[in-house]
Amino acid sequence: MEYGLEGRVAVITGASRGIGEAIAAGLLEKKLRGVVITSRRSENVQAAAQRLGEADRVLPVVARSDTEEGAEQAIGAALERFGSCDILVNNAATNPAYGPLTDVDLGTITRTWEINLLGPLIYTRVAWTAWMRDQGGVICNIASVGGRLPGRGMGAYNVSKAGLIYLTRHLAYELAPSVRVVGVAPGVVRTRLSRILWEDESQAGALHPLGRIGEPVEVASAVVFLCSDQADWITGVTLDVDGGIAHSSAYI
């Protein structure tokens, strides 16, 4: 399969580990010219860059995922170092607000929504203005199966991801035809962010019709496809990569 990604440049937020790092590795395999990975902490993003190798094609950038300054730093670095910003993957997320929406601290909820929902919009606006409005591109938002269905204690996170799924649809409408906007909604994946959901791995796996939790590389494979020329007539879609859990009543 020809992906048509050779020579392109990607910016991936929150890519110092887990799904973000796996996406960076998957895109590098398709011969991108450059990949910018971001994190709030220098030691984390530098360590990820070392694991990825490809020092001439991987640029670690310390940048927040929820501010215009952070977006300008990351996308500006891509333009300065590699000359374009053809792909934006809004992957950074947080989930500190565990508990019923009636009880969780409002400041914590606000922080969750700023990172998970406002951040992708900010990065999209900067990428659009700096490059994609005139040159085109692809934006991929990493949502969650939690944006499809309610889950106990996950209200703040799930609402933010439901918003991100709708934001994907709306931006696809607004930015067409030069920019495609797509999303991926993972189920329970073996990452540090979701560890509370899979600490009992046998129980977590049993909730999925396919009988196991997911791995970061499986989400990355879907992202690579959606960002490629193979998906050139796909926009506004958020693809469930979840072992079937979104269609299983066992999730709730």
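Since the structure is predicted, the reported quantities are computational estimates derived from the model, not experimental observations.

A.B. asks: What is the right way to read a nonpolar patch on the surface from this model?
C.D. replies: A surface patch of nonpolar side chains, about 250 Å² in accessible area, is lined by Leu 101, Trp 113 and Val 159. With respect to the secondary-structure elements, Leu 101 resides in the loop between β4 (87-90) and α4 (106-135).

A.B. asks: What exactly am I supposed to notice about helix α1 (residues 18-29) here?
C.D. replies: Given 3.6 residues to a turn, an α-helix orients residues that are three or four positions apart in the same direction. Spanning twelve residues, α1 covers 17 Å between terminal C-alpha atoms, matching the ideal 16 Å at 1.5 Å per step. Counting buried positions over the twelve residues of α1 gives nine, a clear majority of the element. Buried within α1 are the following residues: Ile 19, Gly 20, Glu 21, Ala 22, Ile 23, Ala 24, Gly 26, Leu 27 and Leu 28. Just downstream of α1 lies Lys 31, where phi reads positive at about 65 degrees.

A.B. asks: Would you take a moment to explain unusual backbone geometry for this structure?
C.D. replies: The phi angle of most residues is negative, glycine excepted, and most peptide bonds adopt the trans form. A cis amide bond links Ala 176 with the next residue in sequence, Pro 177, at an omega value of 5 degrees. Turning to its location among the elements, Pro 177 is positioned in the loop between α5 (155-175) and β6 (179-186). Positive phi, close to 65 degrees, is recorded for Lys 31, a residue that is not glycine. Within the secondary structure, Lys 31 is located in the loop between α1 and β2 (34-39). In this structure Lys 31 comes out as exposed when scored by relative accessible area, which is 57%.

A.B. asks: In this structure, what is going on with the sheet that holds strand β1 (residues 9-12)? I would like to understand it.
C.D. replies: Hydrogen bonds between backbone atoms are what pair the strands of a sheet, whose relative direction is either parallel or antiparallel. Strand order in this open sheet of seven strands is β3-β2-β1-β4-β5-β6-β7, and the pairing throughout is parallel. What marks the edges here is a single partner per strand, and that holds for β3 (58-62) and β7 (238-241). Between one strand axis and the next, the sheet turns by 20 degrees as a mean value, whatever way the strands run. As judged from the five bridges shared by β2 and β3, these two strands associate in the parallel manner. If you follow Thr 38 over to β3, its bridge partner there is Val 61. Helix-sheet contacts for α4 involve β4, β5 (137-142) and β6, and the interaxial angle to β4 is about 175 degrees.

A.B. asks: Help me understand the packing of α4 against α5 in this model?
C.D. replies: Axis angle and axis distance: for two packed helices, these are the angle between their axes and the distance between the axes, and together they describe the pair. In the contact formed by α4 and α5, the axes pass within 8 Å of each other and the chain directions differ by 15 degrees. As summarised for this structure, α4 and α5 are arranged roughly parallel, according to the angle between their axes. At the point where α4 passes α5, the crossing takes the right-handed sense. From α4, Ile 109, Thr 112, Trp 113, Asn 116, Leu 117, Pro 120, Leu 121, Thr 124 and Trp 128 reach across to α5, where they touch Ala 156, Tyr 157, Val 159, Ser 160, Lys 161, Gly 163, Leu 164, Leu 167, Leu 171 and Leu 175. In terms of residue class, the contact of α4 with α5 is made up of 13 nonpolar, five polar and one charged.

A.B. asks: Which parts of the structure should I look at to understand the environment of Val 9?
C.D. replies: Considering the arrangement of structural elements, one finds Val 9 in strand β1. Sequence separation of Val 9 and Gly 107 is 98 residues, and the distance between their C-alpha atoms is 36 Å. The contact partners of Val 9, leaving out residues within four places of it in the chain, are Leu 32, Arg 33, Gly 34, Ala 78, Phe 82, Ser 84, Cys 85, Asp 86 and Ile 87.

A.B. asks: Could you clarify how one ought to interpret the pairing of β5 in this entry?
C.D. replies: Regular strands place side chains that alternate from one sheet face to the opposite one. Burial runs high along β5: six of the six residues are buried. Residues Gly 137, Ile 139 and Asn 141 point to one face of β5 and Val 138, Cys 140 and Ile 142 to the other, with burial holding for every one of them. Relative to β5, β4 runs parallel, the two sharing four bridges. Pairing of Asn 90 across the sheet is with Asn 141, part of β5. In terms of handedness, the path from β4 via α4 over to β5 forms a crossover that is right-handed. In this structure, β5 lies alongside β6, joined through six bridges in parallel fashion.

Rules behind the numbers
Residues numbered from 1 in each chain as written. Predicted model: local features only at pLDDT ≥ 70, side-chain atom pairs only at ≥ 80, totals over all residues. Heavy atoms only, no water. Patch = residues over 30% accessible without salt bridge, like charges linked within 9 Å, V, L, I, M, F, W, Y side chains within 5 Å. Areas by Shrake-Rupley, 256 points an atom, 1.4 Å probe, with all protein chains shown as cover. Salt bridge = Lys/Arg side-chain N within 4 Å of Asp/Glu carboxyl O. Helix = DSSP H or I, 4+ residues; strand = E, 2+ residues; numbered from the N terminus. Expected span 1.5 Å × (residues − 1). Buried < 20%, exposed > 50% of the residue type's maximum accessible area, 1.4 Å probe, protein only. Pairing = 2+ DSSP bridges. Axes fitted to C-alpha atoms, helices over the stretch in contact; angles between N-to-C directions. Contact = heavy atoms within 4.5 Å. Parallel < 35°, antiparallel > 145°, perpendicular 65-115°, else oblique. Left-handed = near helix turned anticlockwise from the far one by under 90°. Nonpolar A, V, L, I, M, F, W, Y, C, P; charged D, E, K, R; others polar. Right-handed = clockwise from strand over helix to strand, strands pointing away.

These figures come from the coordinates and say nothing about function on their own.
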